[in-house]
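Understanding the architecture of this molecule
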Amino acid sequence: MRLVRYLLALAAVALVHIAGVRLSPIVPLLVDPILVLILYHSLESPRGWDIVGASVAGLVHDALTGGVYGQLGLVDTVTAYVCSRSRQHLVLLRSWRLGLFFSLLALLQQALLAAVRFLLLDGVEIMPWWSVAAKMVTTGVLGAMTIAVGGGLARRAKRRRREHRRKPTLGTSR
Amino acid sequence: MRDRWHHGLFVLLVLVQLLIMTGHEPARGSRLEAWMLRAVAPLGSAVASLASVGDGVREAFRTNGTLRTENTSLRDELGETRRELMRLMSIEEELRRARATADAAEPGPVARARAARGQTSFFVADVVYLDLTAGLRTLVLDGGDAHPQRNQVVRSSRGLVGRIIATGGRYGKVQLVTDRASSVSAMIERTRRKGLVRGGDGGLELTLLPHRADVRVGDRVVAAGIDGVYPRGIPIGIVTSVTPAPGLFLRIELRPEVDFGLLEDVYVLTGQPVPEAIIEGQPDATR
């Protein structure tokens, strides 16, 4: 069930990404919805699923973008791992802190991508600084929003389940 | 234990990703990439389809808006045209009444003096026949009670039509300016350079202008008023081409101001634009 949900979410963000590219070629330089999904998934999922999901999402992202196949897969796997390890040591209760956390991870992703392109794939251009800054801002904002919305939905579902369990059913003795 | 398993999985995934990267051949592409593309490409098609549907809807809305605007504009235009038509109809009626009055009355001393000074009066005549087979060279007009006479000048509101070359009662036959045998002394309105307009193959030709004459495409040519027939200033045509011809003169083609195919009513000028000096010396010259 978790896998299906994740794949559906991945398809949805891929759609958003494609729609953004179709809207304007500059959109993918400003916002990365796939990264937001990867980070959200890394925070919310159990160990193991986080980095596997990030790898798959990175490869999907690679399929959509140009360049050497696998670079985004590698970078996203590392970013998700860092995110997953960091959440144990951080207390992220306020939304601005969450936003900042997502922004820093977006910066990390861009730095890793630049490093991979610079070291392993000689001669490939590095992202412009304004694109990195824009991605940090948009990832921070979207990440905080996603956590807030996702958390709210999860709480509501939990409450409903609890109420469902408490409700007396026919045939049960008092 | 769980942490170690997580680390191990991470290292494994990084190695796999590195293998994918190093095994990548840009010329052929990898099989994994092909699979991923096959899985993701339908999403792109879906977005494209949605976008095309959206474009279609937007286009439909835009077209609808444009059509509404055009409809409003055309309705306004139609109303304006109807008002203009009513105004013209009333003017036509007034002209008919004025013609009837003028026909009924004898020319008084003022009219005679005006004619003696070379100022022209006119009457309106209906075009009853247009010689299409000969390439719009002649037309027949009906002058009503005002009998047309030979050499009277015929013009429309737009410009020169021709001169009457034959009469028969209330009818007159008009040689159009486009007739091959027609010639009108004319001048370029902008530069006052004079020449001779002759009829050509369906159009007009301005001749007797030397190579150094300042003539441009778009110049208006009007009657020069020095041939004793056509009054000065009646528009004849617009210069459409100026080409150097062998000999002394330019070859200048004109587009007639008047669309002869649309003529219904014409004005027949009854006075003669003879110079005042001649009129003073020869009082009978006004005929």
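Data block above holds the structure.
The following paragraphs examine the structure supplied in this document. (Residues numbered from 1 in each chain as written. Chains lettered and ligands numbered in written order. Predicted model: local features only at pLDDT ≥ 70, side-chain atom pairs only at ≥ 80, totals over all residues. Heavy atoms only, no water.)

Concerning the overall build of chain B
Assigned secondary structure in chain B consists of 4 helices and 12 strands. Counting across all 287 residues of chain B, residues that qualify as buried make up 35%. Accessible surface for chain B amounts to roughly 17900 Å². Of this, 56% is attributable to carbon and sulfur atoms. (Helix = DSSP H or I, 4+ residues; strand = E, 2+ residues; numbered from the N terminus. Buried < 20%, exposed > 50% of the residue type's maximum accessible area, 1.4 Å probe, protein only. Areas by Shrake-Rupley, 256 points an atom, 1.4 Å probe, with all protein chains shown as cover.)

Re the nonpolar core
Formed by 40 residues in total, the largest nonpolar core has its most connected members in L139(B), V161(B), V197(B) and L206(B). Tallying contributions element by element places strand β1 (residues 122–130) of chain B first for this core, with 4 residues. L206(B) has contacts with A186(B), I188(B), G195(B), L196(B), V197(B), V221(B), L250(B), I252(B) and L254(B), leaving out every residue within four places of it along the chain. Of all hydrophobic cores here, the second largest spans 34 residues; its members include I38(A), A57(A), L113(A) and V14(B). (Core = buried A, V, L, I, M, F, W, Y, C linked by side-chain atoms within 4.5 Å. Contact = heavy atoms within 4.5 Å.)

Description of the packing of helix α3 (residues 33–44) of chain A against helix α5 (residues 71–86) of chain A
Residue and element names in this part refer to chain A. Contact pair α3 / α5: the axes reach a minimum separation of 9 Å and the direction vectors enclose 35°. In this structure, the crossing between α3 and α5 has a hand that is right-handed. Packed against α3, whose contacting residues are L35, I38, L39, S42 and L43, the element α5 presents D76, T79, A80, C83 and S84 at the interface. Residues belonging to the contact of α3 with α5 are distributed by class as follows: 6 nonpolar, 3 polar and 1 charged. (Axes fitted to C-alpha atoms, helices over the stretch in contact; angles between N-to-C directions. Left-handed = near helix turned anticlockwise from the far one by under 90°. Nonpolar A, V, L, I, M, F, W, Y, C, P; charged D, E, K, R; others polar.)

Brief notes about the environment of R47(A)
Note that R47(A) resides in the loop between α3 and α4 (49–64). Sequence spacing of R47(A) and R85(A) is 38 residues, and the spatial spacing of their C-alpha atoms is 9.5 Å.

Concerning the layout of surface pockets
All names here are of chain A. Space inside the second largest pocket adds up to approximately 850 Å³. Secondary-structure elements contributing two or more residues to the lining of the second largest pocket are α1 (2–23), α3 and α7 (129–166). Looking at which element gives the most residues to the lining of the second largest pocket, the answer is α7, with 9 residues. When the residues that make up the lining of the second largest pocket are grouped by side-chain class, the tally is 13 nonpolar, 5 polar and 3 charged. (1 Å grid on protein atoms, 1.4 Å probe; cavity = no way out; pocket = protein on both sides within 12 Å on 5 of 7 lines; lining within 4 Å. Points joined across faces, edges and corners; volume = space filled by probe spheres on them.)

Things to note about the sheet that holds strand β11 (residues 250–256) of chain B
By definition, the strands of a sheet pair up through backbone hydrogen bonds, in either a parallel or an antiparallel sense. All names here are of chain B. The sheet built from 6 strands closes into a barrel, its strands ordered β6-β7-β8-β11-β10-β9 with antiparallel pairing. Here the average twist between neighbouring strands, direction ignored, is 40°. Pairing between strand β8 (residues 204–207) and β11: 3 bridges, direction antiparallel. Across the sheet, residue E205 finds its bridge partner in β11, namely E253. (Pairing = 2+ DSSP bridges.)

A word on the interface of chain A and chain B
If you look at the interface, chain A gives 33 residues, while chain B gives 25 residues. Here chain A meets chain B over a buried area of about 2500 Å², counting both sides, of which 76% is carbon and sulfur. Summed over the shared surface of chain A and chain B, the result is 0 salt bridges. The interface formed by chain A and chain B contains 3 residue pairs in polar contact (both at pLDDT 80 or more). Contributions of two or more residues to the side of chain A that touches chain B are made by α1, α4, α5 and α6 (95–120) of chain A. At 9 residues, α4(A) tops the list of elements feeding residues into the side of chain A that touches chain B. (Buried area = accessible area lost by both parts, 1.4 Å probe. Salt bridge = Lys/Arg side-chain N within 4 Å of Asp/Glu carboxyl O. Polar contact = N/O pair within 3.5 Å; in protein donor to acceptor, adjacent residues only side chain to side chain.)

Notes on the pairing of β1(B)
All names here are of chain B. In terms of strand pairing, β1 meets strand β12 (residues 265–269) through 5 bridges, oriented antiparallel. Residue pairing in the sheet places V124 in a bridge with Y267 of β12. In the sheet, β1 pairs with strand β2 (residues 138–142) via 4 bridges, with the strands oriented antiparallel. Residue pairing across strands places V127 opposite L141, the latter belonging to β2.

Digging into the environment of E84(B)
With respect to the helices and strands, the residue E84(B) is situated in helix α2 (residues 31–104). A distance of 2.8 Å separates a polar atom in the side chain of E84(B) from a polar atom in the side chain of R87(B).

What about the sheet that holds β2(B)?
Residue and element names in this part refer to chain B. Around the barrel, 6 strands lie side by side as β1-β2-β5-β4-β3-β12; this closed barrel has antiparallel pairing. Shown here is a sheet whose adjacent strand axes are inclined to one another by a mean of 40°, direction ignored. Alignment of strand β4 (residues 160–168) against strand β5 (residues 171–176), held across 6 bridges, turns out to be antiparallel. Paired with G162 across the bridge in β5 is L176.

Things to note about the packing of α5(A) against α6(A)
Each pair of packed helices gets described by two things: the angle between the helix axes and the distance between those axes. Residues and elements named next belong to chain A. In contact at an axis separation of 9 Å, α5 and α6 are set at 145° when each is read in the N-to-C sense. Between α5 and α6 lies a crossing of right-handed hand. Contacts between α5 and α6 involve Q71, L72, L74, V75, D76, V78, T79, V82, C83 and S86 from the former and F101, L105, L108, Q109, L112, L113, V116 and R117 from the latter. Classifying every residue of the contact of α5 with α6 by side-chain character gives 12 nonpolar, 4 polar and 2 charged.

Some remarks on α1(A)
All names here are of chain A. For α1, built from 22 residues, the straight-helix expectation of 32 Å at 1.5 Å per residue is met to within 8% by its first-to-last C-alpha distance of 31 Å. Within α1 the residues assigned to the buried category are Y6, L10, V13, A14, H17, I18 and G20. Within α1, the buried residues cover an arc of 155° as seen down the axis, which keeps them to one side. Looking at α1, the residues exposed on the side facing more than 90 degrees away from the buried face are R5, L8, V16 and L23. (Expected span 1.5 Å × (residues − 1). Arc of directions from axis to C-beta.)

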